[in-house]
Amino acid sequence: MIQRPKGTEDILPADVYKWQYIEKALAELAAVYGFNEMRFPVFEYTELFARSVGESSDIVGKEMYTFNDRGGRSITLRPEGTAGAVRAALQNGLTAGNFPLPQKIWYNITAYRYENVQKGRLREFHQFGAESFGSASPYADAELISFAAEIFGRFGLEQIALEINSIGCKECRKAYTAALREYFGKHIDTLCNTCKTRLEINPMRILDCKSPVCKEVAEGAPVILDFVCDDCREHFEKLKQILDSSGVKYTVNPRIVRGLDYYTKTVFEFIASGVGTQGTVLAGGRYDGLFEEIGGKPTPALGFAMGLERLLMAMGEQGKEIPASQGIEYYIGSGSAPDEKQKALEIVAALRGKGISVLSDVSDRSIKAQMKYADKTGVKFACIIGGNEIETGKIRLKDMTTGEEKIVDIKELV
Ligand code: ATP
Ligand code: MG
């Protein structure tokens, strides 16, 4: 038997209600915050991700699903949503002046990364993301963070911590990068091999390394907040002030740098307790340089992405039940005679025409087997159409939870 590829999951009918529930709630909440849904391709030209996510990121370095299509173009399955969303906004002129700014969009996508598969770390996973294009104000940061915080409130997650930081702009990062190079240069022999290369390309990436040795060395590294310029500092101070006055709880973690190269100024993570090492459920930040990076006009912007598998994991760990979906209303069975089958078909069609959910016999089962089947499927009411029912126009409708039967006029039912 052919198995599904490692790191992918099947979402079975019995579980799909959980997904539908969170997807619906997220779409509703996004609308309340004035975000509109956007859809964009599962695959893009590889250079989009190479340029936006950045050559020194884990994603571009080792996680992308990249292949040449039959025309010889290098194609990559989207490893995240921001690059595609920004590309789509640019290509369709969303930020070119014909539409109000900021353009606030959300998406619910599958994403693909060649990961070391673990609990909460898959190769195909789902991300709900939101992006706000066109505002440089810390009020835009605060709005996005408040939206993110409200998601967890909406799902009743309490043990979730918001950590924020500023990683400054290109300018203030120059001095910081130099300081990091000097610091890590002294510890080069202790660093993992990947980080030895990171020291050259982008020493900030070392702060995000998951190897315990590098983590230990990183403990003593200089922190970015000591290096940010006046403009970035002011932005960060104002953001904290707005969050305070909005009642959004957070802590400043000067060690968050995020794994993607495009971030500037604000970065943040929501970390759930009880989910183990894969506790970061939602992460995001500002990326004021990204539009330019992929060929657009300078456009301040920011966004976040949330892993839906990790959200569901956190809800499970914290005992948050998702209400099960409504079951099927009726089972309308019949005897084997053609007129009995015909009558059942008519009733089924009439009920479905009214938008009522119905199951019927499509397997030529005996009456006993039909009732057994009806019971297994969990329908609320069941009946069998026989000669007697056709003659009298009345059916015996069985309430499958109580076992009670009542006589109902067929006309009444349909
Ligand atoms: P990590 O540090 O855990 O590798 P990341 O920094 O690579 O995360 P982002 O690129 O910021 O993650 O993605 C945003 C969110 O998407 C993460 O916080 C997480 O919830 C989810 N996510 C990322 N990678 C995976 C994956 N391989 N499997 C499941 N969820 C993921
Ligand atoms: Mg990662």
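Treat the numbers as computed from the prediction; the structure is a model and nothing was measured.

### Comments concerning the site of ligand 1
Move 1: For ligand 1, the set of nearby residues contains 16 residues, the closest of which are Arg113, Glu115, Arg121, Leu122 and Arg258.
Move 2: Contact distances for ligand 1 include 2.8 Å between an oxygen atom and a side-chain N or O atom of arginine 121.
Move 3: Here an oxygen atom of ligand 1 sits 3.0 Å away from a polar atom, N or O, in the side chain of lysine 210.
Move 4: With the chains in place, 91% of the 590 Å² that ligand 1 exposes on its own is no longer accessible.
Move 5: Listed by contribution, the elements that provide at least two residues to the shell around ligand 1 are strand E6 (124–133), strand E10 (280–286) and strand E11 (301–307).
Move 6: The greatest single-element share of the shell around ligand 1, amounting to three residues, is contributed by E10.
Move 7: The residue makeup of the shell around ligand 1, split by class, is six nonpolar, four polar and six charged.

### With respect to a positive patch on the surface
Move 1: Together, Arg365, Lys368, Lys372 and Lys376 make up a region of like positive charge exposed at the surface.
Move 2: On the basis of relative accessibility, which here comes to 78%, the residue lysine 376 falls in the exposed class.

### Side note on the pairing of strand E7 (residues 160–166)
Move 1: Where burial is concerned, most of E7 is hidden: six out of the seven residues are buried.
Move 2: When E7 meets strand E9 (residues 264–272), the two strands line up antiparallel, connected through seven bridges. Across the sheet, the residue bridging to alanine 161 is isoleucine 271, located in E9.
Move 3: Here E7 pairs with strand E8 (residues 251–252) via two bridges, running parallel. Bridged to isoleucine 164 within E8 is valine 252.

### Thoughts on the state of the cysteines
Move 1: Applying the stated rule across the entire model yields zero disulfides.
Move 2: Cysteine cysteine 169 remains unbridged, with the sulfur of cysteine 172 as its closest cysteine sulfur at 3.5 Å.
Move 3: Cysteine cysteine 214 remains unbridged, with the sulfur of cysteine 192 as its closest cysteine sulfur at 3.7 Å.
Move 4: A relative accessible area of 0% means that cysteine 214 is categorised as buried.

### Here's the deal with the environment of valine 60
Move 1: With respect to the secondary-structure elements, valine 60 resides in helix H3 (residues 58–63).
Move 2: Valine 60 sits in the buried class, given a relative accessible area of 15%.
Move 3: Counting along the chain gives 103 residues from valine 60 to glutamate 163, while the straight-line C-alpha distance between them is 25 Å.
Move 4: When near neighbours in sequence (up to four residues on either side) are disregarded, valine 60 contacts Phe49, Ala50, Val53, Gly54 and Glu55.

### Some thoughts on the pairing of strand E15 (residues 394–399)
Move 1: A one-sided burial pattern is seen for E15, the buried positions being Ile395, Leu397 and Asp399 and the unburied ones Lys394, Arg396 and Lys398.
Move 2: In this sheet, E15 lies alongside strand E14 (residues 381–385) in antiparallel orientation, the contact comprising two bridges. Looking across to E15, one finds that alanine 382 is bridged to lysine 398.
Move 3: Pairing of E15 with strand E16 (residues 405–409), which is carried by five bridges, proceeds in the antiparallel orientation.

### A word on the packing of aromatic side chains
Move 1: Scanning the model with the defined rule gives 16 aromatic pairs in all.
Move 2: Following the ring pairs from residue to residue traces out a cluster consisting of Tyr33, Phe35, Trp106, Phe128, Phe147 and Phe304.
Move 3: It is arginine 73 that lies over the ring of tyrosine 45; its NZ or CZ is 3.9 Å from the centre.
Move 4: The ring of tyrosine 114 carries the charged tip of arginine 123 above its face, separated from the ring centre by 3.9 Å.

### Quick notes on the environment of threonine 110
Move 1: Among the secondary structure elements, threonine 110 is positioned in strand E5 (residues 103–112).
Move 2: Residue classification places threonine 110 among the buried residues on the basis of a relative accessible area of 17%.
Move 3: Counting along the chain gives 168 residues from threonine 110 to glutamine 278, while the straight-line C-alpha distance between them is 18 Å.
Move 4: In this structure, threonine 110 is in contact with Arg78, Glu124, Phe125 and His126, ignoring residues within four places of it in sequence.
Move 5: A distance of 2.9 Å separates the side chain of threonine 110 from the side chain of tyrosine 112, its partner in a polar contact.

The rules behind these values
Residues numbered from 1 in each chain as written. Chains lettered and ligands numbered in written order. Predicted model: local features only at pLDDT ≥ 70, side-chain atom pairs only at ≥ 80, totals over all residues. Heavy atoms only, no water. Near = heavy atom within 4 Å. Polar contact = N/O pair within 3.5 Å; in protein donor to acceptor, adjacent residues only side chain to side chain. Areas by Shrake-Rupley, 256 points an atom, 1.4 Å probe, with all protein chains shown as cover. Helix = DSSP H or I, 4+ residues; strand = E, 2+ residues; numbered from the N terminus. Nonpolar A, V, L, I, M, F, W, Y, C, P; charged D, E, K, R; others polar. Patch = residues over 30% accessible without salt bridge, like charges linked within 9 Å, V, L, I, M, F, W, Y side chains within 5 Å. Salt bridge = Lys/Arg side-chain N within 4 Å of Asp/Glu carboxyl O. Lys, Arg positive; Asp, Glu negative; His and termini not counted. Charge placed at Lys NZ, Arg CZ, Asp CG, Glu CD. Buried < 20%, exposed > 50% of the residue type's maximum accessible area, 1.4 Å probe, protein only. Pairing = 2+ DSSP bridges. Disulfide = S-S within 2.5 Å. Contact = heavy atoms within 4.5 Å. Phe/Tyr/Trp six-rings, centres within 6.5 Å; stacked < 30°, edge-to-face > 60°. Lys NZ or Arg CZ within 6 Å of the ring centre and 35° of its normal.

Taken by themselves, the reported measurements are silent on function.
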